Amino acid sequence: MPRHVAIIMDGNGRWAKKRFLPRLAGHKAGVEAVRRITRHARTMGIEALTLYAFSSENWRRPAEEIGDLMGLLKHFIRADLDEMVRDNVRLRVIGDYRRFSADVVALVDDALARTSQNDGPLLVIALNYGSQAELVAAARTLAERVQAGAMEVAAIDADAIEALLDTRDLPPLDLLIRTSGECRLSNFLLWQAAYAELLFVDTLWPDFDEAAFSKAVAQFGERQRRFGGL
């Protein structure tokens, strides 16, 4: 059983296009898939589930679509926060979500505060997240420490970098799933995925259900992880 699973939730737009619906309908269906999978992951005993909700590159999308996505994010928090509190879920955010509008930031801050004392499964939402920016920020911090004389260059190692990443207090990433048939990581958890098992499935995200998630976890269990050894 993987401790930490991450998902690139891809295919909302294509799901809607196949049904001659607006893209917003696909995003709404995608939110329902989030509900299904987060609940199912909890019942399976997954310790941490990380979802790529809004990348730092998504700002290139039309303003109307970004507004729709922010509206759905607000709706999800308002509708599901009480359930997360009741189910002892710890909510985490990776990425610079403070670039969002003040009302979104306030909702996220409130959700983080209300779940901060929970000690159950982690639900990690990547908001305005980009792995390259995350690594650049870590490199700059280490360079500043060296420049200030606070550390030696020789002390910079993998552990020093990991300690500065957004995921520093999460379990190591075991399984990364991408839906919709695309086979790339799209600037998501590049460092963390170094030894993760990668699984690319053709299912569009709104159609990804409990059975599909269970199948992905079962496939993980069939793989042999050697971490560079024999």
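Anyway, here's the lowdown on the structure attached to this text.

## A closer look at the overall build of the chain
Moving on, step 1. Secondary structure assignment for the chain yields seven helices and six strands.
Moving on, step 2. Reading the helices (α) and strands (β) of the chain from amino to carboxyl end gives β-α-α-β-α-β-α-β-α-α-β-β-α.
Moving on, step 3. For a compact globule of 230 residues, the expected C-alpha radius of gyration is about 17 Å, and the chain comes in at 18 Å, within 12% of that figure.
Moving on, step 4. Seen through its C-alpha atoms, the chain measures out along the principal axes to roughly 60 × 50 × 35 Å.

## Some thoughts on the side chain of His 27
Moving on, step 1. Positionally, His 27 belongs in helix H2 (residues 23-44).
Moving on, step 2. If near-sequence neighbours (up to four positions away) are discounted, His 27 is found in contact with Asn 12, Arg 61, Glu 65, Leu 69 and Leu 72.

## Observations concerning unusual backbone geometry
Moving on, step 1. Located in the positive-phi region is Phe 20, a residue other than glycine, with phi close to 55 degrees.
Moving on, step 2. Checked against the element boundaries, Phe 20 lands in the loop between helix H1 (12-18) and H2.
Moving on, step 3. Of the residues examined, Phe 20 reaches a relative accessible area of 78% and is grouped as exposed.

## Topic: the nonpolar core
Moving on, step 1. Residues Ile 7, Leu 49, Leu 127, Ile 177 and Phe 213 are the most contacted members of the largest nonpolar core, which totals 45 residues.
Moving on, step 2. Per-element tally for this core: the top contributor is helix H3 (residues 63-86), with nine residues.
Moving on, step 3. If we skip the residues at most four places from it in the chain, Leu 49 touches Val 5, Ile 7, Ile 37, Thr 38, Ala 41, Leu 122, Leu 123, Val 124 and Phe 213.
Moving on, step 4. Of all hydrophobic cores here, the second largest spans 17 residues; its members include Ala 48, Leu 170, Leu 173 and Leu 189.

## Points about the packing of aromatic side chains
The relation between two aromatic rings is expressed through the spacing of the ring centres and the mutual angle of the planes.
Moving on, step 1. Evaluated as defined, the whole model comprises seven aromatic pairs.
Moving on, step 2. Arranged with centres 4.1 Å apart and planes meeting at 15 degrees, the rings of Tyr 52 and Phe 188 form a pair that is stacked. On the criterion of sequence distance, the pair formed by Tyr 52 in strand E2 (residues 48-55) and Phe 188 in the loop between strand E5 (175-178) and strand E6 (197-200) is long-range, its members being 136 residues apart.
Moving on, step 3. Of the residues examined, Tyr 52 reaches a relative accessible area of 8% and is grouped as buried.
Moving on, step 4. A relative accessible area of 0% places Phe 188 in the buried class.
Moving on, step 5. Ring geometry for Tyr 129 and Phe 188: centres 6.0 Å apart, planes at 90 degrees, overall edge-to-face. On the criterion of sequence distance, the pair formed by Tyr 129 in strand E4 (residues 122-129) and Phe 188 in the loop between E5 and E6 is long-range, its members being 59 residues apart. As far as the burial class goes, Tyr 129 and Phe 188 line up, both buried.

## Focus: the pairing of E2
Moving on, step 1. A large share of E2 lies buried, amounting to seven of its eight residues.
Moving on, step 2. Where strand E1 (residues 4-8) meets E2, five bridges bridge the pair, whose relative direction is parallel. Bridging across to E2, Val 5 finds its partner in Leu 49.
Moving on, step 3. In this sheet, E4 lies alongside E2 in parallel orientation, the contact comprising seven bridges. For Leu 51, the partnering residue across the bridge sits in E4 and is Ile 125.

Criteria and cut-off values
- Residues numbered from 1 in each chain as written.
- Predicted model: local features only at pLDDT ≥ 70, side-chain atom pairs only at ≥ 80, totals over all residues.
- Heavy atoms only, no water.
- Helix = DSSP H or I, 4+ residues; strand = E, 2+ residues; numbered from the N terminus.
- Rg over C-alpha atoms; globule rule 2.2 N^0.38 Å.
- Contact = heavy atoms within 4.5 Å.
- Buried < 20%, exposed > 50% of the residue type's maximum accessible area, 1.4 Å probe, protein only.
- Core = buried A, V, L, I, M, F, W, Y, C linked by side-chain atoms within 4.5 Å.
- Phe/Tyr/Trp six-rings, centres within 6.5 Å; stacked < 30°, edge-to-face > 60°.
- Pairing = 2+ DSSP bridges.

From the geometry alone we can't say anything about function, so treat these as descriptive.
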